[in-house]
Amino acid sequence: MGGPWKPLGTCTLLVLLLTLLMLQVRATHPDCSIVLYFQEQEAECLEIIRSERQTPTHPGEQGCLTEWDGVSCWSAVPVGQSRAVACPDILHVFKKSKVLIQRNCTESGWSFPSPPYYNACELEDIGSNNDTEAKASYFVTMKVLYTCGYSTSLAALFLAISIFSCFRKLHCTRNSIHIHFFTSFILRGAAVFIKDAVLFSDESVDHCTMSTVNCKAAIAFFQYSVLANFYWLLVEGMYLQTLLLLTFTSDKRYIWWYILIGWGVPMLTVCTWVVTRLQYDNHGCWDDYTSLYWWVIKAPILLAIFVNFLIFLNVTRMLAQKIWSPDISKNYKQQYMRLTKSTLLLIPLFGVHYVVFALFPEHIGVDARLYFELVLGSYQGFLVALLYCFLNGEVQAEIKRNWGKWQSSMESNVFNLVTQDFTA
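This is a predicted model, so every value here is computed, not measured. (Residues numbered from 1 in each chain as written. Predicted model: local features only at pLDDT ≥ 70, side-chain atom pairs only at ≥ 80, totals over all residues. Heavy atoms only, no water.)

## Thoughts on the sheet that holds strand β7 (residues 109-110)
Strand pairing in a sheet relies on backbone hydrogen bonds, with the paired strands running either antiparallel or parallel.
Moving on, step 1. Spatially, β5-β6-β7 is the arrangement adopted by the 3 strands of the open sheet, whose pairing is antiparallel. Bordering the open sheet on either side are β5 (82-85) and β7, each of which pairs with just one other strand.
Moving on, step 2. Here strand β6 (residues 101-106) pairs with β7 via 2 bridges, running antiparallel. Directly across from Cys105, in β7, lies its bridge partner Trp110. (Pairing = 2+ DSSP bridges. Helix = DSSP H or I, 4+ residues; strand = E, 2+ residues; numbered from the N terminus.)

Structure, rendered in structure tokens:
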């Protein structure tokens, strides 16, 4: 029943999906959502078919059973009747069409679709082979750029953490928070490399249908590192505001609250997300951002950005008051400027593009989104290390002081060796 059409329809669908997947070799959205759409439709149809087979048929009843043709599910009808379906409602694949596709139930089975899918359902323009090659080249270039960016950031962050850890005079609550912030960037860079290694190391693997424990763990770790990154930026803003508000209060009493916010809130969020996906949406590799459960991750990030923006406005207001106040000495004004310039620069830098893209669906501005999140985002760790460590006057002074001590020690050792040789 419908034998010649079924393999033809399946092959046509596979060719279409392969063409679409070639357009964005690394992106899992929106291409994987297309695959998942057809998988869900097929699963629902096959479930109906199984239930029909379990239902006993009465003698004399004739008709066409439910059939999945690779694109649509045709419900069972008696002989002599027909079914009509619309084109699959998939954004950016089929153009909207009011044409209905009809199949009749004959004594020999289902008839061929009329009109055929390729006439009734007009495809969106998906580009030529040259466009496909250009897309592939574009993503290869993107991967090279963000690999260099994350490698540079990781090297700078490890060096910055070493500097803060080695010099005793730099041990304080402020620099301890910086170290945690640096660590969140290290985790984020490592998570990107791990995700690439698990999801994209083998080109023969279908990334859309991959559903292994390793790939889900890699995605969960990536989401945790991104959340921790935003929440440690929030902690930086909170610490700066506390420092300006409570000048004479010891800041050590708050360090454990900062650690709880920076690492604990992301952990709680990701655990909730993992349990939710396991319970209600456990398909694929959990990297389909069209899922409603993605808001379990997205909402806390937007909340952190929003709170940080309020802190940004409040700190700017307090800083302006302190700078223009006649009761504040010049030295204190310079200190306030030094404490705030790095954080005030980072807060809008880290959140603006995320808020802008959050207002649009995931398929809008994919190229721009990837450029900001992968290429520019890969160098954020280097920028943080530069602002908080390498351009920090206190750090520079401590390095110069220790460098001078080391040179004096070396000169003293050389002098002692020369003197010993001369007197021997």
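## What to know about the state of the cysteines
Moving on, step 1. According to the stated counting rule, one finds 4 disulfides in the structure shown.
Moving on, step 2. Between Cys64 and Cys105 runs a disulfide, and the two sulfur atoms are separated by 2.1 Å. Taking the torsion about the sulfur-sulfur bond, which here is approximately 95°, the covalent link between Cys64 and Cys105 counts as right-handed. Of this pair, Cys64 sits in strand β1 (residues 63-64) while Cys105 sits in strand β6, placing them 41 residues apart in sequence.
Moving on, step 3. Assessed through its relative accessible area of 1%, Cys64 is described here as buried.
Moving on, step 4. Classification of Cys105 as buried rests on a relative accessible area of 3%. (Disulfide = S-S within 2.5 Å. Buried < 20%, exposed > 50% of the residue type's maximum accessible area, 1.4 Å probe, protein only.)

## Concerning the nonpolar core
Moving on, step 1. Among the nonpolar cores identified, the biggest contains 63 residues, and Ile177, Phe181, Phe182, Trp232, Ile297 and Ile301 are the most heavily contacted of them.
Moving on, step 2. Counting residues per element, the ones that place at least two in this core are α4 (129-166), α5 (173-199), α6 (213-245), α7 (255-280), α8 (295-324), α10 (366-378) and α11 (380-390).
Moving on, step 3. Among the elements that make up this core, the one with the highest residue count is α6 (17 residues).
Moving on, step 4. Not counting chain neighbours up to four residues away, the residues in contact with Phe182 comprise Leu157, Ala160, Ile161, Phe164, Val384, Ala385 and Tyr388.
Moving on, step 5. Within the second largest apolar cluster, 19 residues are counted, among which are Val77, Val85, Trp110 and Tyr117. (Core = buried A, V, L, I, M, F, W, Y, C linked by side-chain atoms within 4.5 Å. Contact = heavy atoms within 4.5 Å.)

## Some details on empty space enclosed by the protein
Moving on, step 1. Enumeration according to the criterion identifies 4 cavities of 30 Å³ or more in this entry.
Moving on, step 2. Volume-wise, the second largest cavity comes out at about 60 Å³.
Moving on, step 3. Around the second largest cavity sit Tyr150, Ser153, Leu157, Phe185, Arg188, Gly189, Asn229, Gly377, Ser378, Gln380 and Gly381, which together line it.
Moving on, step 4. Contributing elements (two or more residues each) for the lining of the second largest cavity: α4, α5, α10 and α11.
Moving on, step 5. Counted by class, the lining of the second largest cavity contains 3 nonpolar, 7 polar and 1 charged residues. (1 Å grid on protein atoms, 1.4 Å probe; cavity = no way out; pocket = protein on both sides within 12 Å on 5 of 7 lines; lining within 4 Å. Points joined across faces, edges and corners; volume = space filled by probe spheres on them. Nonpolar A, V, L, I, M, F, W, Y, C, P; charged D, E, K, R; others polar.)

## As for the UniProt feature "transmembrane region" (unreviewed entry) in the chain
Moving on, step 1. Cross-referencing UniProt, the feature "transmembrane region" (unreviewed entry) maps to residues 144-167, 179-200, 230-248, 255-275, 295-315, 343-364 and 370-391 in the present numbering.
Moving on, step 2. Regarding residues 144-167, the helix share stands at 96% and the strand share at 0%, and the terminal C-alpha atoms are separated by 35 Å.
Moving on, step 3. With 100% helix and 0% strand, residues 295-315 has its two end C-alpha atoms placed 29 Å apart. (UniProt positions renumbered as here; feature names shortened; annotations may be inferred.)

## Quick word on the packing of aromatic side chains
Moving on, step 1. Under the defined criterion, the tally for this structure stands at 13 aromatic pairs.
Moving on, step 2. Judged by centre distance (6.1 Å) and plane angle (85°), the rings of Tyr239 and Tyr258 are edge-to-face. Of this pair, Tyr239 sits in helix α6 while Tyr258 sits in helix α7, and the two are 19 residues apart along the sequence.
Moving on, step 3. Judged by its relative accessible area of 6%, Tyr239 is buried.
Moving on, step 4. Judged by relative accessible area, which is 4%, Tyr258 ranks as buried. (Phe/Tyr/Trp six-rings, centres within 6.5 Å; stacked < 30°, edge-to-face > 60°.)

## Quick word on the pattern of salt bridges
Moving on, step 1. For the structure on display, the rule yields 6 salt bridges.
Moving on, step 2. We note a salt bridge from Arg50 to Glu47, for which the minimum N-O separation is 2.9 Å. Of the two residues, Arg50 and Glu47 are both situated in helix α2 (residues 31-54); the distance of 3 residues between them amounts to about one turn of the helix.
Moving on, step 3. Residue class for Glu47 comes out partly exposed when judged on its relative accessible area of 45%.
Moving on, step 4. In this structure, Arg103 engages Glu67 in a salt bridge whose closest nitrogen and oxygen atoms are separated by 3.2 Å. (Salt bridge = Lys/Arg side-chain N within 4 Å of Asp/Glu carboxyl O.)

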